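A look at the structure
Given next are the chains, with one letter for each unit.
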Amino acid sequence: MEQHLGRQSGVEKVAVNLLDGKVEVIPKEDGQIDPAQLMKATYDSGVTVAEMDVTARGKIMKDSSGNLSLQVGPNRAFVLVQNELSKSLEPIVDSQTAITVRGQLYKKSTGKKKADPSVPLKVLILDVQKKE
Amino acid sequence: MNAKAIAILVLLGATLGPMAQAQIKSVEMRVEGMT
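The sections below set out a description of the structure shown in this document. The structure presented is a predicted model; accordingly, all values stated were derived computationally and were not measured.

1. As for the overall build of chain B
A tally of helices and strands in chain B yields 1 helix and 1 strand. Here chain B, with 35 residues, has 17% of them falling under the buried criterion.

Quick look at the structure:
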């Protein structure tokens, strides 16, 4: 799995902890990595993703449907799952303020074997680490 | 460099600077079935 993930586009380093089943993926300097692709590659290597978290820096935008999203690159944004932390980010919507957040992209439901790749990943913000 | 060119550079820096630094810093997964 480590080698398989390491071959994915934008991946700099993969650290696997066999004891607790945690896998950390560090992107290359440009940060252009695709979590959905990583999830697919993980399944392809024969293991099941129980949970996926991301730490990312970006700007908070609001789309035409009124959903907040975290823009982490010129062509990549994740819609935010609404919670108290996402509501607290309303004042910096569409501003130049960049934030660093830790969020949950996926958590396996009970009884569900695999994530549906057709459903876009959304971020449930767990922690706002930095506003600048 | 005239004042107009400097103003444009400052404006571009303010607009594009934060996006240039937008990035995923790490992805952590908890996996099952690993041997």
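2. Topic: the interface of chain B and chain A
Contact residues are listed per partner, giving 17 residues for chain B and 35 residues for chain A. Taken together, the elements giving at least two residues each to the side of chain B that touches chain A come down to α1 (3-20) and β1 (23-32) of chain B. Looking at which element gives the most residues to the side of chain B that touches chain A, the answer is β1(B), with 10 residues. For the side of chain B that touches chain A, a count of residues per class yields 9 nonpolar, 4 polar and 4 charged. Pairing between strand β3 (residues 48-62) of chain A and β1(B): 9 bridges, direction antiparallel. Bridge assignment links Val54(A) to a residue of β1(B), and that residue is Val27(B).

Here is what the cut-offs are and how they apply
- Residues numbered from 1 in each chain as written.
- Chains lettered and ligands numbered in written order.
- Predicted model: local features only at pLDDT ≥ 70, side-chain atom pairs only at ≥ 80, totals over all residues.
- Helix = DSSP H or I, 4+ residues; strand = E, 2+ residues; numbered from the N terminus.
- Buried ≥ 20, exposed ≤ 12 C-beta atoms within 10 Å, placed from the backbone.
- Contact = placed C-beta atoms within 7 Å.
- Nonpolar A, V, L, I, M, F, W, Y, C, P; charged D, E, K, R; others polar.
- Pairing = 2+ DSSP bridges.

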